[in-house]
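Descriptive structure summary
Listed below, chain by chain, are the residues.
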Amino acid sequence: MKRNRQPCNLKNKAYGFICLILTLFLLSACTPQEPSTTQQQQSATETSITIPISAKDGLDVYSVTSNANNTALSLCYNALFYLDRNYTIKPDLAENYSINGNAVSIFISDSAMFSDGTSVTAEDCKFSFDQAKKSSVYQQNFSYIVSYTAKSSTEFEVVFSSQNPRNINLLCIPITKKGTEYNKQNNTFAVGAGKYYLKQAPSTTSNEDLICMYPNNYRNDMAGCKIKQIILKQYENTSNILYGINYGDLDAMMADLSDGSESYRGNIELQSFSNNALTFAVVNRNKKWSTNYLEVCKGLHYGIDRQNLYANVIKGCGKSCWSPLNPDWTEVINANLNDDIYDQQAAKTHFYNGRLYMSAENKLQWYGEDITLNIVVNRENSLRVKVANEIADQLQNYGFGTVVTQLPWEDYQKAIQDGNYDIYIAEVRIPLNMDLTGLLTAIGAPIGESLQTALTNFASGTADVLTLLEAFGQELPIIPLYYNNSALAINRQIDGTFTPSSTNPFNGIETWSFKS
């Protein structure tokens, strides 16, 4: 009897087991897709790439200061808008916007989804702006923002201090879900609406868990995602990161080109883009030789050969310019400016009109006194040191004596404050709304009435690029040299279309693949 019942019991057990498997399968099909343990352990496959983060910096998107962590987090925390390579505004979590005087109403897209499957709301935007406002990282953005309000669940209003139509560019601020935040002790992360989300995964090579990114499958643009895992590898310093990209431990990273591009080996491709940081020269107005300031500055402005400066020094690390506005910006491109203004004869004429006369020994003099220009530069930036030396060599051809003084940062600042320079080389990041007023105020340059009017009208949208540059050229408070580049550094084994920008450095990463 027992033997007659045993097959029946096995059949029932088998049937129950099949039902359990089917039930689990159906339940898994109805829940958001989480990466399996096997998927989490992938480290070097065709669907997994590795990028760096700084071990000394956190993963709070509003307070990160390192270049590596900031660019990595851009994959998880998208903004209402982003800017393309020409600084043209593009919607991301926003559907559209309208401008009414100083106020901008942003309408959130129905498809804007956090990685937990919930919709992005205006309250989330307000929460995010509250967090960003506390941070020094976004201080420049909020210097133009008066207030912001959630008008409804899908409408977010921002009021600016002026009617500058380019203020919308300042809203490239990451959005996180209200009430969520990064907590290192608890290993929790703020919920974002980017293409990927953060999650810890067990490591196959050490006892420490990895921090990885996985696709936000609630985003419509991630349906064909090829890169299923992004491993964040921690490094103690930038030198180690550089070693990692050069010797194959990393697949991609954001490269700071402020010290040049020579550090990157031949297996690395650099896709450069402007980071909206202007390098320029300032002339000391209180020197005897610069008594006729405008004429002397015009001589220097026309006399510096920026094409040679680019060919000999800057190369792919920047883009030479004679205008204070970014040459890659759409409005500058559309203005059809001359590529260069270098003119030796015009420079000599302006020097002469400034009462700098050539001696019999071919030395420029101020009333019989030879002129030796002390060009001051921060020694901690090797590219700017090279730029200062190149300019010194060029100016010697006009009869100037030159000496380049390389100073550590604190001594450099003191030399400028005390006026112990003839020319100094500096760099400043221009706000994304392209307002130059802060730059000119920061360096203490006197701004005449015509230039102030042009700046005001340009900021309000009633003056174009050419009008502003005409007024700028009549005062020359600074001598623009070049706009700096950053670059996406990619291992040449990676295949894809690379279009990085300052607010979207890993643009299109989900479509990348490995070359066969």
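Residues numbered from 1 in each chain as written. Predicted model: local features only at pLDDT ≥ 70, side-chain atom pairs only at ≥ 80, totals over all residues. Heavy atoms only, no water.

1. Details of the overall build of the protein
For the protein, the count of helices and strands is 15 helices and 22 strands. The 516 residues of the protein split such that 49% are buried. The long-range fraction of contacts in the protein, counting pairs at least 24 apart against all pairs at least 6 apart in sequence, stands at 68%. When the accessible area of the protein is evaluated, it comes to approximately 24,700 Å², of which 47% is carbon and sulfur surface. (Helix = DSSP H or I, 4+ residues; strand = E, 2+ residues; numbered from the N terminus. Buried < 20%, exposed > 50% of the residue type's maximum accessible area, 1.4 Å probe, protein only. Contact = heavy atoms within 4.5 Å. Areas by Shrake-Rupley, 256 points an atom, 1.4 Å probe, with all protein chains shown as cover.)

2. Looking at helix α15 (residues 465-473)
Of the positions making up α15, those classed as buried are V465, L468, L469, A471 and F472. Viewed end-on, α15 has its buried residues packed into an arc of 160°, placing them on one side of the element. Those residues of α15 that are buried are in contact with α9 (330-334), α14 (449-460) and β20 (479-491). (Arc of directions from axis to C-beta.)

3. A short note on the packing of helix α7 (residues 293-303) against helix α10 (residues 344-353)
When two helices pack together, their arrangement is given by the angle between their axes and by how far apart the axes lie. For the pair α7 and α10, interaxial distance at closest approach is 7 Å and the crossing angle is 165°. Judged by the angle between their axes, α7 and α10 are roughly antiparallel. Along this stretch, α7 crosses α10, giving a crossing that reads as left-handed. In this structure, α7 uses E295, V296, K298, G299, L300, Y302 and G303 to contact α10, whose residues at the interface are A346, A347, H350, F351 and N353. Considered class by class, the residues forming the contact of α7 with α10 number six nonpolar, four polar and two charged. (Axes fitted to C-alpha atoms, helices over the stretch in contact; angles between N-to-C directions. Parallel < 35°, antiparallel > 145°, perpendicular 65-115°, else oblique. Left-handed = near helix turned anticlockwise from the far one by under 90°. Nonpolar A, V, L, I, M, F, W, Y, C, P; charged D, E, K, R; others polar.)

4. Looking at the sheet that holds strand β16 (residues 369-370)
Strand order in this open sheet of three strands is β14-β15-β16, and the pairing throughout is antiparallel. Strands at the two margins of the open sheet, each flanked by one partner only, are β14 (357-358) and β16. Judged from the two bridges that link them, strand β15 (residues 364-366) and β16 form a sheet pairing that is antiparallel. Bridging across to β16, W366 finds its partner in E369. (Pairing = 2+ DSSP bridges.)

5. Here we look at the pattern of salt bridges
This model, assessed by the stated rule, comprises eleven salt bridges. R166 is paired through a salt bridge with E331; the nearest N and O atoms lie 3.0 Å apart. In this pair, R166 sits in the loop between β7 (155-160) and β8 (196-201) while E331 sits in helix α9, placing the two residues 165 residues apart along the sequence. Among the ionic pairs, D221 bridges to R219, the shortest N-O distance being 2.8 Å. Overall, the relative accessible area of 37% leaves D221 in the partly exposed class. Take R219: its relative accessible area is 10%, and that puts it in the buried class. The network of salt bridges with common partners includes D92, R219 and D221. (Salt bridge = Lys/Arg side-chain N within 4 Å of Asp/Glu carboxyl O.)

6. Description of the environment of R166
Since its relative accessible area comes to 9%, R166 is described here as buried. In this structure, the C-alpha to C-alpha distance between R166 and S460, residues 294 residues apart in sequence, is 8.8 Å. Once residues lying within four places of it in the same chain are set aside, the contact partners of R166 are W329, E331, L432, N433, F458, A459 and A463.

7. Regarding the packing of α14 against α15
Look at α14 against α15: their axes get within 9 Å of each other, and the N-to-C directions meet at 160°. The angle between α14 and α15 falls in the class roughly antiparallel. For the element pair α14 and α15, the recorded crossing hand is left-handed. On α15, the residues touching S450, L451, A454, L455 and F458 of α14 are V465, T467, L468, A471 and F472. Residues that form the contact of α14 with α15 fall into these classes: eight nonpolar, two polar and no charged.

8. Side note on the nonpolar core
By size, the foremost hydrophobic cluster in this structure holds 152 residues, and its most contacted members are L80, F129, Y196, I230, F400 and W512. Setting aside residues up to four positions removed in sequence, L80 forms contacts with P91, D92, L93, A94, I106, I108, C125, F156, L171, I173 and I175. In this structure, Y197, C212, Y214 and I231 belong to the second largest nonpolar core, which totals five residues. (Core = buried A, V, L, I, M, F, W, Y, C linked by side-chain atoms within 4.5 Å.)

9. Quick word on the side chain of K298
For K298, the position within the fold is in helix α7. The contact partners of K298, leaving out residues within four places of it in the chain, are H350, G473, Q474 and L476.

10. What about the sheet that holds strand β1 (residues 48-54)?
Judged by pairing direction, the sheet is mixed, and its four strands sit side by side in the order β1-β10-β9-β8 without closing on themselves. One side of each edge strand has no neighbouring strand; the edge strands of this open sheet are β1 and β8. Neighbouring strand axes in the sheet, compared pairwise and without regard to direction, differ in orientation by 30° on average. As defined by bridge partners, β8 adjoins strand β9 (residues 210-215) across six bridges and the pair is classed as antiparallel. Looking at β9, one finds that Y197 is bridged to Y214.

11. As for the confidence of the model for the protein
Residues with a pLDDT of 70 or more make up 90% of the protein, whose mean pLDDT is 89. Segment residues 1-45: pLDDT under 50, and 28 contacts once partners within four positions in sequence are set aside and those in other chains are kept. (pLDDT = per-residue confidence, 0-100.)

12. Brief notes about the side chain of S274
As for its position among the elements, S274 is in strand β12 (residues 268-283). Its relative accessible area of 3% is what places S274 among the buried residues. Only 2.7 Å separates the side chain of S274 from the side chain of N326, close enough to count as a polar contact. Excluding anything up to four places from it in sequence, S274 contacts Y87, N326, D328, Y483, N484, N485 and S502. (Polar contact = N/O pair within 3.5 Å; in protein donor to acceptor, adjacent residues only side chain to side chain.)

13. Some words on unusual backbone geometry
Non-glycine residue Y367 carries a positive phi angle of around 50°. Within the secondary structure, Y367 is located in the loop between β15 and β16. Non-glycine residue M434 carries a positive phi angle of around 65°. Take M434: it is sitting in the loop between β19 (423-429) and α13 (437-442).

14. Thoughts on the packing of aromatic side chains
One pass over the full model with this rule turns up 19 aromatic pairs. Plain terms: the ring middles of F142 and Y148 are 6.2 Å apart, the flat faces sit at 70° to each other, and that makes the pair edge-to-face. Given a relative accessible area of 12%, Y148 falls into the buried group. Here the aromatic cluster, defined as three or more aromatic residues joined through ring pairs, consists of F129, F142, Y148 and F156. The ring of F458 is capped by R166, whose NZ or CZ atom sits 4.1 Å from the centre of that ring. Looking at R285, its charged tip hangs above the ring of Y293, at a distance of 3.8 Å from the centre. (Phe/Tyr/Trp six-rings, centres within 6.5 Å; stacked < 30°, edge-to-face > 60°. Lys NZ or Arg CZ within 6 Å of the ring centre and 35° of its normal.)

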